[in-house]
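# Topology and contacts: notes
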Amino acid sequence: MSLSSESGELLMCGQNHKGQSQEVITFQPCPLPGCSRVQQVSCGWDFSVINSDCDGQVLVCSSNAFGQLGFSPGITHSAEPFHPVTSVAAGLRHALASTASGCVYQWGTGLSSHAKRMLSPHPVPAHLSSKEPCLVPVAGSTHCVCLTVKGDVFLWGSNKHDQRVTDVHSGWTHLVVKTESGRVFTWGRANYGQLGQINQSTEKEYDISTSSGQSISRPVEVKALFGATQIACGSEHNLAVVGGRIVSWGWNEHKMCGDGSLCDIPQPQPIPCFRDITSNEDSTS
Amino acid sequence: MTVFHDEVEIEDFEYDEETETYYFPCPCGDRFAITKEDLENGEEVATCPSCSLIVKVIYDKEQFMCGEVIEAPKTTENKLELAQS
């Protein structure tokens with residue numbers, strides 16, 4: 001796990017058998033070579049991507065078994081010149097970086113063998129199977145591109161119906177986005193209740209069930225999440241702050257939805273022990 | 001009827017030579033596991049020791065039953081590298 005502090009310091013904790021961090025159970029400062037301030041950090045399954053404020057440099061560490069560090073064996077640094085990087089994101093075995101010029105680069109083979117099988121006989125696009133940063137062809141100023149942890153590509157753009165996206169959050173196989181007007185939409189895998197949608201069985205956008213479970217391929221609004229001020233996605237569950245209260249929904253086998261039960265929660269519900277506590281801007285979570 | 005959480009190609013598993021076991025990340029944070037021996041016996045279910053989820057392993061059973069090992073990425077050493085911008 002990684003955190004960046006307000007002062008730009010990097011803190012990490014967790015396993016270290018692949019060099020992710022010091023092997024400790026409490027957050028420890030992690031000094032970086034050269035520049036000292038961290039703008040943003042994102043964690044994949046067993047690697048981290050760090051966006052520093054030192055000339056827009058991107059630092060990567062840990063496992064490179066699937067090219068998720070962005071360089072081939074034998075090369076100590078990437079030869080691909082980047083414009084200053086504005087944001088980074090790590091998936092299970094791939095990573096993305098957006099630049100000031102509006103481009104998006106991707107690297108890491110992720111689950112390209114899955115893509116090969118699904119797209120066959122068509123070839124897998126270069127940016128889904130590259131071990132070095134590769135330009136994603138669809139990114140632009142009016143489009144957002146998002147890759148889930150498993151490598152599904154979703155893209156959307158602004159339109160006249162006031163659906164300009166301001167926030168994107170991704171679980172392993174589902175997405176939660178918020179628009180400028182505060183509307184929240186979800187799509188992707190649905191079988192653990194991770195989309196938080198009502199009446200899924202009657203939903204016209206419902207895809208045919210696969211052996212992997214049911215899914216919804218088009219964004220559907222979740223009215224109960226309108227105006228959410230914070231959203232966070234775990235692998236198959238979610239948390240959000242709505243009206244000053246924290247709600248949860250999705251997979252709950254390990255009690256991660258916080259309601260004390262082991263039952264999946266199909267729609268956003270306030271977490272019982274926080275029911276009488278309202279958040280304010282100065283409080284810490 | 002068994003409900004699989006997902007279907008995963010054997011090439012997407014990471015192989016540990018010491019334990020002769022193939023691993024794939026589980027959403028709970030642990031890993032699905034299936035041994036080489038299981039695969040050679042035609043097994044196709046990888047289980048997670050921490051939760052109820054299971055995945056179906058997609059592989060060529062004939063190749064495994066002959067004793068041939070499918071190349072899967074091995075765990076690598078630690079690295080902290082600088083990618084220039």
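Predicted model only: the values in this text are computed from it and were never measured. (Residues numbered from 1 in each chain as written. Chains lettered and ligands numbered in written order. Predicted model: local features only at pLDDT ≥ 70, side-chain atom pairs only at ≥ 80, totals over all residues. Heavy atoms only, no water.)

### Re the confidence of the model for chain B
Parts of the prediction with low pLDDT should not have their coordinates interpreted in detail. What counts here: For every residue, the predictor states its confidence as a pLDDT score lying anywhere from 0 to 100.
In this model, chain B carries an average pLDDT of 84, and 75% of its residues clear a pLDDT of 70 or more. This complex was scored by the predictor with a pTM of 0.73 and an ipTM of 0.76.

### With respect to the pairing of strand 9 (residues 104-107) of chain A
Residue and element names in this part refer to chain A. Note the threshold: Relative accessibility thresholds used throughout: buried, under 20% of the residue-type maximum; exposed, over 50%; partly exposed, between the two (1.4 Å probe, protein chains only). The way it works is that DSSP assigns letters per residue, a run of H or I at least four long becomes a helix, a run of E at least two long becomes a strand, and they are numbered from the N terminus. Here, any two strands with at least 2 DSSP bridges between them count as paired.
The alternating pattern of strand 9 places Val104 and Gln106 and Tyr105 and Trp107 on opposite faces, both of which are buried. Across four bridges, the pairing between strand 8 (residues 95-99) and strand 9 is antiparallel. Bridge pairing in strand 9 places alanine 97 opposite tyrosine 105. In this structure, strand 9 lies alongside strand 10 (residues 134-135), joined through two bridges in antiparallel fashion. Counterpart to tyrosine 105 in the pairing with strand 10 is leucine 135.

### Examining the packing of aromatic side chains
Residue and element names in this part refer to chain B. What counts, and what does not: Stacked, tilted and edge-to-face are the three classes applied to pairs of Phe, Tyr and Trp rings, where Trp contributes its six-membered ring and a pair requires centres within 6.5 Å; stacked means planes under 30 degrees apart, edge-to-face means over 60, and tilted covers the rest. Only when the NZ of Lys or the CZ of Arg is both within 6 Å of the ring centre and within 35 degrees of the ring normal is a charge said to sit over the ring.
As enumerated under the stated definition, the model contains six aromatic pairs over all chains in all. Centroid distance tyrosine 15 to tyrosine 22: 4.5 Å. Interplanar angle 45°. Geometry classified as tilted. Under the relative-accessibility criterion, tyrosine 22 is labelled buried at 0%. Between the aromatic rings of tyrosine 59 and phenylalanine 64, the centroid separation amounts to 5.2 Å while the plane-to-plane angle is 85°, which identifies the pairing as edge-to-face. One aromatic cluster in this structure is built from Tyr15, Tyr22, Tyr59 and Phe64. Here the basic side chain of arginine 31 rests over the ring of tyrosine 23, its NZ or CZ set 3.8 Å away from the ring centre.

### Looking at unusual backbone geometry
Backbone phi values are negative for most residues with the exception of glycine, while trans is the configuration of most peptide bonds. Of note, the phi angle at lysine 255 of chain A is positive, near 60°, even though the residue is not glycine. Inspection of the secondary structure puts lysine 255 of chain A in the loop between strand 19 (245-250) and strand 20 (265-270). Positive phi values are uncommon outside glycine, yet glutamate 20 of chain B reaches one of about 50°. Along the polypeptide, glutamate 20 of chain B turns up in the loop between strand 2 (14-16) and strand 3 (21-25). Classification of glutamate 20 of chain B by relative accessible area gives partly exposed; the value is 41%.

### Description of the nonpolar core
Where we set the bar: What we call a nonpolar core is a set of buried Ala, Val, Leu, Ile, Met, Phe, Trp, Tyr and Cys residues that are connected through their side-chain atoms within 4.5 Å.
Of all hydrophobic cores here, the largest spans 22 residues; its most connected members are Ile10, Phe13, Tyr22, Phe32, Leu39 and Val57 of chain B. Residue assignment for this core shows that the elements contributing at least two residues are strand 3, strand 4 (31-35) and strand 6 (54-58) of chain B.

### Side note on the sheet that holds strand 10 of chain A
What the four strands build is an open sheet, ordered 7-8-9-10 (chain A); its pairing is antiparallel. Each edge of the open sheet carries a strand with a single partner, namely strand 7 (85-90) and strand 10 of chain A.

### Observations regarding the UniProt feature "domain: DPH-type MB" (unreviewed entry) in chain B
Selection rule: UniProt positions are given in the numbering used here, feature names are shortened, and annotations may be inferred rather than shown by experiment.
Within this numbering scheme, the UniProt entry marks residues 4-60 of chain B as carrying the feature "domain: DPH-type MB" (unreviewed entry). Along residues 4-60 of chain B one finds 9% helix and 44% strand; the C-alpha atoms at either end are 19 Å apart.

### So, the sheet that holds strand 14 (residues 174-179) of chain A
All names here are of chain A. Worth spelling out the cut-off: Axis geometry follows a simple rule: fit a line to the C-alpha atoms, using only the stretch in contact for helices, then measure angles between N-to-C directions, giving values from 0 to 180 degrees.
Within the open sheet, the four strands sit side by side as 13-14-15-16. Their pairing is antiparallel. Where the open sheet ends on each side, the last strands, each with one partner, are strand 13 (165-170) and strand 16 (215-221). Each neighbouring strand pair of the sheet contributes to a mean axis angle of 10°, computed without reference to strand direction. With four bridges connecting them, strand 15 (residues 184-189) and strand 16 associate as antiparallel partners. Bridging across to strand 16, arginine 189 finds its partner in serine 215.

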